[in-house]
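# Structure assessment
The lines below spell out each chain.
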Protein chains: 2
Amino acid sequence: MRSYLSHLECTACGRVCSAEQVHTVCPACGRVLYARYDLERARNAVDPKMVAGRPRSMWRWWEVLPVRDPRNIVSLGEGDTPLLPAPRLGQRLGCARLYIKDESLNPTGTFKARGQAAAVSRAKELGVKGLVIPSAGNAAGAMAAYAARAGLPAYVFMPQDAPEANKKECAVAGAHLELVAGHIGDAGRLSRVRAQELGLLDVSTLREPYRVEGKKIMGYEIVEGLGWRYPGAIVYPTGGGTGLVGMWKAFDEMEALGWVEGPRPKMFCVQAEGCAPIVRAFQEGKERAEPFPHPQTIASGLRVPAPFADYLILQVVRASGGSALAVSDREMVECVREMASLEGVFACPEGAATLAGLKRLLAEGRINPDEPIILLNTGSGLKYLDVL
Amino acid sequence: MRSYLSHLECTACGRVCSAEQVHTVCPACGRVLYARYDLERARNAVDPKMVAGRPRSMWRWWEVLPVRDPRNIVSLGEGDTPLLPAPRLGQRLGCARLYIKDESLNPTGTFKARGQAAAVSRAKELGVKGLVIPSAGNAAGAMAAYAARAGLPAYVFMPQDAPEANKKECAVAGAHLELVAGHIGDAGRLSRVRAQELGLLDVSTLREPYRVEGKKIMGYEIVEGLGWRYPGAIVYPTGGGTGLVGMWKAFDEMEALGWVEGPRPKMFCVQAEGCAPIVRAFQEGKERAEPFPHPQTIASGLRVPAPFADYLILQVVRASGGSALAVSDREMVECVREMASLEGVFACPEGAATLAGLKRLLAEGRINPDEPIILLNTGSGLKYLDVL
C-alpha cells in the first residue's frame, strides 16, 4: 500500500505547502487547501482492475488517499456504498437510467463518515493530539465515532437545536459535547478558540485538507459503478459542498490517471428554500455567496448559511454546465415518502431534496432523461425521525 | 449467475418438498424447512477466489442463494458488512483478536435486510402477490423496504409498543401497518389470518425457508474475512435465532464445498434477562423451549418469548460446545457506551448484549481469549434513541 500524496496546494492563490505538517487553511490567503498527488507515477503503478480486486472499503483507493502508513487508517468500513438502479422511480419520471448513490450505508448512517475517516486517519498520522468540530449534525457524529476509534479526544460544538440523534451519537462515543446558544457560525467561533487553547485540530468543513479526500471517493465509485463512464448528471444536496467539489476533484484525478474521458456530468446543486446561499449567488452571477440570513430548514445538513468553499462550489456548477436550485421542506418530505415507497430507500431530507430538484430540472429541460442520472442520498432518514 | 438450489427439506422430519413452489413450514410436521443445494456440482463450478472478485453485496454468493434469475433479485446493497478489528476493546478484555461484525451498515440499519432481501426476491420469483409479517421491529422495517422495491403490497402487524423508528420506516415505505394491542404472538395470529384471507405470503421468522438463506451469508463473510479459517467463538444475540442457525448451516455448506475445515466456532447465545427462553431450556437440558412469560427488554429484537426454531438453536449451541446466557438491560446500555467510546461502533442493545455476554464468558473461562472472537452487532443504535 502506497499513497502518492505529494503536497498541499491552495485552491485560490496556488500556494504550495508541505503535506507532512498539520495545515488547516492556506497560510497565505486563508482559503481551501487541496491535497495533490503524483498522478504521473501513480498512473504507472495502478489501474482500475487492481483497485476493483481489493477488499471493499473506501481505502481500496489508497494511491489517491492521504495516509502513508496503513496502520494509521482509522476505519469503520466506510465507502463502497451501493449505486442502486431506481427503475420504478425512473419510470415515473421518464428517466431511462436513474440511480441512487445510497450513502446511508456508511458507518454513522451518512456520507460524513468518509470525510472523517480520512481526516482523523491523517490527523493521527501527523501526531495530532485531539480534534474539535463545530457541526449542526452528522459531521459531529461521524467525527466523534472516528475519534473514539482512534483513541483521540474529541470536542464538539453544536447549536442547541441540533437533532437529537446527533447529540446522542456524540455523547455515546464519549465526545465532549458543548451545546451553543446560536447557529453553526457561533459554534464555529467557539470551536476555533478551543482548538487554539488546547492545541487541537479543527476539522470543520474544508478548513482542513483531508475530509474532501474521503468524500471525493464517491466520484471514483460512481464512475467505476457505471463501467468507467461518466453519468450525464449528478444531483447533489449542497450544504458545505465538500462532496460536490470532491467529486469534481476526483474527475480531475481520474482523467490524469487515464481512467476515464469524455464529457463530465453536469453538476446540479440543490439547496433548501430556507437556506440557499449558493442558489442566490449562482442566479446573480457572483463568484462568492453572501451569508444567507435566518437559515431555516429541517434538512440540517443544508443549514449552512455561509459555506466556506462557496467559490469552489460555484466554479464546479458553472464549469459543468449545471445549475443551482432550491426546494421546499415540504417537497423534501414528500420525496422521502416517494423514494421509500417506490424504491425502498429511506432517505434523509437532504437526499430526498435531490429528487425534488430532479423533477424541476426535468420539467425545465435542463437534464437529459436518456442519460444516466445520479441522485446522491447523503444519509439515512432514520436520523431524522423527529422532523419527518 | 446460477443458483444450485435443489429442494427444500424439513429440519425435523426430513420431508422433501419442491423448491419451485411456495412453501412456508413443513407440510408434514409443521417445523422449519431448509433450502438445500447441489453442493457437489457447485463445488466444481465455483471457488472462494471467484466469489471474492465479484461486485460487493450478499448476492456474490449466488450459487448458494435461492434466486434462479438475476432479474428477480431485489437488492438495496445488503451484505458485505465490515468485520472490524476491535483492538482497544480487546486490550481491555485481554482478547488478542476480537472482532465486531457490524451489521448496522446494512440497508434499513440492521441484519434483517439480508433475510428480507432473500425472502422477497424468492417470493417475487415464485409469483407471490403480496407479503405479510408480524414483527416487533426491524424485520418489519426491512420487509416494508424490500416489498416497496419489489412493487409488492406489504402488510405489517406490530405490537402497539414497538419502537417508533420501526413504525415510521414501515409507514414511509407505504406498508399497511396495523398496530396490535398485545405482544408479538398476538400479532402473529392476526398476521396468519390475513395471509390466508388475501392469499399473501407470511414471511415470519423461519416460517418460510428463505430468510435464513440471506442471514447465513454472515457465516460465509466471517470465515472469508478470517482468510477461510473459523473463529474460536461467535457471540450472537438470540431472539428468533435465524442468524445463529443460518451461520451453522453456512458452515455445513462451506465444508461440503471444501472451502473450510477444522473445528467449528463455539456458538454462544446471548439473551435478555427479561426474555430468555433458550437460556432456560439450555440450562434445563431440554430440546425445546417453554414460552417465556411476560417478556420485557429494551432490546426489541430479543423480545421473542417463543422462538419457532428453538430446537435448532439449542442443537447448534450444544453441538458447537457453546452455551446460552442472559444479560440485563442495564448491562446492555453500559456496553453500548463502551463499544461506542472505545471502537466508534454505536451498536443496538442487542449487539451490545454480546459484549456483556463476552465479559461473563471470559470470567467463567468458557471462551479462549487467544482465539479470534466475533461479536455480532445486529444493527444500529440509531434505531433505539428513545430507549437509550
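Once a new chain begins, its residue numbering starts again from 1 and follows that chain's sequence as written. Whichever chain is written first is A, and whichever ligand is written first is 1; the rest continue in order. Per-residue local features are limited, in this predicted model, to residues with pLDDT of at least 70; the limit for side-chain atom pairs, both in listing and counting, is 80 or more; totals at the level of whole chains, interfaces and linings are taken over all residues. Here the side-chain values reflect all heavy atoms present in the structure, with hydrogen atoms and water set aside.

### What to know about unusual backbone geometry
All names here are of chain A. Phi at Ser 57 takes a positive value of approximately 145°, unusual for a residue other than glycine. Positive phi, normally seen in glycine, also occurs at Thr 108, with a value near 65°. A helix here means a DSSP run of H or I that spans at least four residues, while a strand means a run of E at least two residues long, and both kinds are numbered starting from the N terminus. Relative to the elements of secondary structure, Thr 108 occurs in the loop between β5 (98-102) and α4 (112-125). We call a residue buried when its accessible area falls under 20% of the maximum for its residue type, exposed when it is over 50%, and partly exposed in between, using a 1.4 Å probe and counting protein chains only. The class of Thr 108 is buried, set by a relative accessible area of 16%.

### Remarks on the pairing of strand β11 (residues 266-272) of chain A
Residues and elements named next belong to chain A. When you tally the buried positions in β11, you get 6 out of 7 residues, the bulk of the element. Any two strands with at least two DSSP-identified bridges between them are counted as paired. Direction of pairing for strand β10 (residues 233-237) relative to β11: parallel, over a ladder of 5 bridges. Opposite Val 235, over in β11, you have Phe 268 as the bridge partner. Taken together, β10, helix α9 (residues 242-256) and β11 constitute a β-α-β crossover, and its handedness is right-handed. Pairing between β11 and strand β12 (residues 324-327): 4 bridges, direction parallel. In the strand pairing of β12, Gln 271 is matched with Ala 326. Looking down the strands as they point away from you, a crossover is right-handed if its path from the first strand over the helix to the second goes clockwise.

### Observations concerning the interface of chain B and chain A
Contact with chain B, which involves 38 residues of that partner, is made by 37 residues of chain A. For the chain B and chain A pair, buried surface summed over both sides reaches about 3,000 Å², with 62% attributable to carbon and sulfur atoms. Every case where a carboxyl oxygen of Asp or Glu lies within 4 Å of a side-chain nitrogen of Lys or Arg is listed as a salt bridge. At the boundary of chain B with chain A, the tally comes to 2 salt bridges. Residues Glu343(A) and Arg149(B) are paired through a salt bridge, measuring 2.7 Å at the closest nitrogen-oxygen approach. In the analysis that follows, any N or O atom pair within 3.5 Å is treated as a polar contact, provided that within protein one partner can donate a hydrogen and the other can accept it, and provided that, for residues neighboring in sequence, both atoms belong to side chains. Taken together, the links from chain B to chain A amount to 10 residue pairs in polar contact (both at pLDDT 80 or more). A per-element tally of the side of chain B that touches chain A places helix α12 (residues 329-343) of chain B first, with 6 residues. In what follows, a contact means two residues having at least one pair of non-hydrogen atoms within 4.5 Å. Buried surface area refers to the total accessible area, computed with a probe of radius 1.4 Å, that the two partners give up upon joining, counted for both partners together.

### Thoughts on the side chain of Arg114(A)
Residues and elements named next belong to chain A. Relative to the elements of secondary structure, Arg 114 occurs in helix α4. Classification of Arg 114 by relative accessible area gives buried; the value is 0%. Of note is the side chain of Arg 114, whose polar atom sits 3.2 Å from the side chain of Thr 81. Of note is the side chain of Arg 114, whose polar atom sits 2.9 Å from the side chain of Glu 221.

Nothing here speaks to function; it is geometry throughout.
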